[in-house]
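# Observations on chain architecture
Residues per chain, in single letters:
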Amino acid sequence: MRPMYTPEAEAYREKVQAFLAEKLPVDWHGIGQLEGLELNEFVTDWRKTLYEGGYLATGWPVEYGGAGLSALEQVIIGEEFAKAGVPTGGPNDVFGIQMLGNTLLQWGSEEQKRYYLPRILSGADVWCQGYSEPNAGSDLSNIGLRAMLDGDQWVLNGQKIWTSAGHLADHIFTLARTDPDAPRHKGISFMLVDMRQPGIEVRPIRMISGESEFNEIFYTDATTPKGEVVGGLNNGWAVAMTLLGYERGEAAATLPIRFQAELDRLVLLAKERGVANDPIIRQRIAGCYAKVQIMRYNGMRVLTRFLGGHHPGPDGAISKLYWSEYHKEISELSIDILGADALVPVGRRPSSAFQADDAGAPNSSWSWVGTFLNARAGTIYAGSSQIQRNIIGEMVLGLPKEPR
Ligand SMILES: Cc1cc2nc3c(=O)[nH]c(=O)nc-3n(C[C@H](O)[C@H](O)[C@H](O)COP(=O)(O)OP(=O)(O)OC[C@H]3O[C@@H](n4cnc5c(N)ncnc54)[C@H](O)[C@@H]3O)c2cc1C
């Protein structure tokens, strides 16, 4: 099955191709060919190029700095950028654009939209996500970070944990308890907090991969102005769920493109290592191929719904569960193909702890070992697989709720 693109969509594809041809060097083979300083410089410059070319937040309305494109045009950008081996945004854009920006469009006041959205796009504000706490992960409504109103400002005390990129951010969108007497889900507010103040302390956490992508955040009399609540006082649960829909489901149509490229690279690895004719390896590769196809079809299903004006909701759990469980499978296969070499990995490491390694990355053992280690986390962040199954059962299929 191949998706049908209208002549207008194909004309738009040519425009995207022309942009990429103009902005990338002639001998370009994908961002995965770069490492260290060179990679960092490219990522920073590329984000600037996208911003100046109007290729960030392409689905947002033009009045807030977006390009007002349709979901189909955004998929075309995803496809062409993946083919060219370049990202569709900077590393922080998953928090700023995909999660917070989309949520502000739905829930923010006009003032919040006009102030924050252009700053997200320009890179003036760098965001992180303050949801989880030591006693509130899957059980998110148990959050204890307390916010009390003092005159014109909120005073926050408590702790967040597992805050990805918190050490690189200067703003945090955070869930705080604003009414401790209300039922758990009803006493929470969604707040925007500037982290550049003495009341906020960021402590990095070291992961199994050796990297420190996430942090603990301590609030000690930290403050934020009264007007920095999004979506209404004590209505934070609804706002938080909207954001999780964007976190889990927004990329359903474009992620399979990256996973297909990753699978192609795994097939090359199997050939390079002389195991491409091993019947068990072949069978497992075929299994991965089938799953990437299923992700593609699910992506098209989601895209069709987006084209009809639907925003990601609980059904985002379907793609989140599927890709994250699949990613454990393919990365385990890569380790089996590498054999003992996986114990002493060498070469370029993945530049990010999230999902597939960069397009054009060499088949180094570190590329696959790093991806394997990080894939474990994919079934935990943005809600664990068990929680996604609960959501699908209860909120998508309408099955009876689990005993609480
Ligand atoms: C790499 C990474 C990055 C992250 N980044 C962020 C971030 O930027 N911001 C942020 O706020 N959080 C972040 N998180 C935290 C993440 O959202 C939580 O880890 C996740 O929600 C699970 O919560 P928990 O760790 O407290 O585990 P728990 O909730 O304690 O769960 C432990 C186990 O019990 C299972 N379980 C719990 N409840 C149920 C149930 N009702 N039914 C069945 N099984 C259940 C879970 O599936 C899991 O296997 C990140 C996590 C990781 C791994």
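All values derive from a computational prediction rather than experimental measurement.

About the criteria used
Residues numbered from 1 in each chain as written. Predicted model: local features only at pLDDT ≥ 70, side-chain atom pairs only at ≥ 80, totals over all residues. Helix = DSSP H or I, 4+ residues; strand = E, 2+ residues; numbered from the N terminus. Rg over C-alpha atoms; globule rule 2.2 N^0.38 Å. Buried ≥ 20, exposed ≤ 12 C-beta atoms within 10 Å, placed from the backbone. Contact = placed C-beta atoms within 7 Å. Near = placed C-beta within 6 Å. Domains from an automatic or database assignment. Nonpolar A, V, L, I, M, F, W, Y, C, P; charged D, E, K, R; others polar. Expected span 1.5 Å × (residues − 1). Pairing = 2+ DSSP bridges. Axes fitted to C-alpha atoms, helices over the stretch in contact; angles between N-to-C directions. Parallel < 35°, antiparallel > 145°, perpendicular 65-115°, else oblique. Left-handed = near helix turned anticlockwise from the far one by under 90°. Core = buried A, V, L, I, M, F, W, Y, C linked by C-beta atoms within 7 Å. Bend = angle between axes of the 7 residues up to and from the residue.

### Concerning the overall build of the protein chain
A count of helical and extended segments in the protein chain gives 11 helices and 8 strands. Against the 2.2 N^0.38 benchmark of 22 Å for 404 residues, the protein chain shows a C-alpha radius of gyration of 21 Å, consistent with a compact globule. In terms of its C-alpha atoms, the protein chain occupies a principal-axis envelope of roughly 70 × 45 × 45 Å. When each of the 404 residues of the protein chain is scored for burial, the buried share is 39%. The long-range fraction of contacts in the protein chain, counting pairs at least 24 apart against all pairs at least 6 apart in sequence, stands at 72%.

### A short note on the environment of Asn298
Tracing the backbone shows Asn298 in helix α8 (residues 279-307). Along the primary structure Asn298 and Val396 are separated by 98 residues, whereas in three dimensions their C-alpha atoms are 15 Å apart. Ignoring any residue separated from it by four or fewer positions in sequence, one finds Asn298 in contact with Ala252, Ile318, Ser319 and Tyr322.

### Digging into the site of the ligand
For the ligand, the set of nearby residues contains 19 residues, the closest of which are Tyr131, Gly137, Ser138, Ser384 and Gln386. Counting only elements with at least two residues in the shell around the ligand, the list comes to β1 (127-130), β3 (153-164) and α11 (385-396). When we break the shell around the ligand down by domain, the ones giving at least three residues each are domain 2 (127-237) and domain 3 (243-396).

### Observations concerning the domain arrangement of the protein chain
According to the domain assignment, the protein chain consists of domain 1 (7-105), domain 2 (127-237) and domain 3 (243-396). Its C-alpha centre places domain 2 at a distance of 30 Å from the equivalent point of domain 3. Opposite the 5 residues of domain 2 that make contact, domain 3 presents 6 residues. Class assignment of the residues belonging to the side of domain 2 that touches domain 3 gives a composition of 1 nonpolar, 2 polar and 2 charged.

### Regarding helix α10 (residues 365-378)
Given a rise of 1.5 Å per residue, 14 residues ought to cover 20 Å, and the 20 Å separating the end C-alpha atoms of α10 matches this to within 8%. Extensive coverage of α10 is indicated by the burial of 10 of its 14 residues. All of the buried residues in α10 are Ser365, Ser367, Trp368, Val369, Gly370, Thr371, Phe372, Asn374, Ala375 and Gly378.

### Some thoughts on the pairing of strand β4 (residues 171-177)
In terms of burial, β4 is a largely internal element, 7 of the 7 residues being buried. Pairing analysis gives 4 bridges linking β1 to β4, with the strands arranged parallel. Residue pairing in the sheet places Gly130 in a bridge with Thr174 of β4. With 7 bridges joining them, β4 and strand β5 (residues 188-194) adopt antiparallel strand pairing. Pairing of His171 across the sheet is with Asp194, part of β5.

### Observations regarding the packing of helix α6 (residues 236-249) against helix α9 (residues 316-338)
Running from N to C, α6 and α9 cross one another at 40 degrees; their axes reach a closest spacing of 8 Å. In this view, α6 runs oblique relative to α9, as classed from their interaxial angle. Crossing hand, α6 versus α9: left-handed. In this structure, α6 contributes Gly245, Arg248 and Gly249 to the contact, and α9 contributes Gly316, Ala317, Ser319 and Lys320. Its residues assigned to classes, the contact of α6 with α9 shows 1 nonpolar, 4 polar and 2 charged.

### Focus: the pairing of strand β2 (residues 146-150)
Inspection of the sheet shows β2 paired to β3 by 5 bridges, in the antiparallel sense. Across the sheet, residue Leu149 finds its bridge partner in β3, namely Trp154. Hairpin geometry of β2 and β3 is characterised by an intervening segment of 2 residues between the two adjacent antiparallel strands and by a positive phi of about 65 degrees at Gly151.

### Observations concerning the nonpolar core
Soluble, globular proteins show a tendency: their nonpolar side chains are buried together. Core analysis: the biggest nonpolar cluster contains 79 residues, and Leu156, Ile172, Leu175, Phe190, Met191 and Ala240 have the highest contact counts within it. When residues in this core are grouped by element, the largest group, 8 residues, is from helix α7 (residues 255-272). Setting aside chain neighbours within four positions, we find Ile172 in contact with Trp127, Cys128, Gly130, Val193, Met195 and Ile217.

### A word on unusual backbone geometry
The phi angle at Ala165 is positive, at roughly 55 degrees, despite the residue not being glycine. When you line up the elements, Ala165 lands in the loop between β3 and β4. Even without a glycine there, the phi angle at Asp221 is positive, about 50 degrees. Inspection of the secondary structure assignment puts Asp221 in strand β7 (residues 214-225).

### Let's talk about helix α4 (residues 93-107)
Note that an α-helix has 3.6 residues per turn; residues three or four places apart therefore point the same way. Where α4 bends most, at Leu100, the angle is about 35 degrees. By the criterion of burial, α4 is predominantly enclosed, with 11 of the 15 residues buried. Among the residues of α4, those classed as buried are Asp93, Val94, Phe95, Gly96, Ile97, Met99, Leu100, Gly101, Asn102, Thr103 and Leu104. Packing partners of the buried residues in α4 comprise α5 (110-122), β1, β4, β8 (229-230) and α6.

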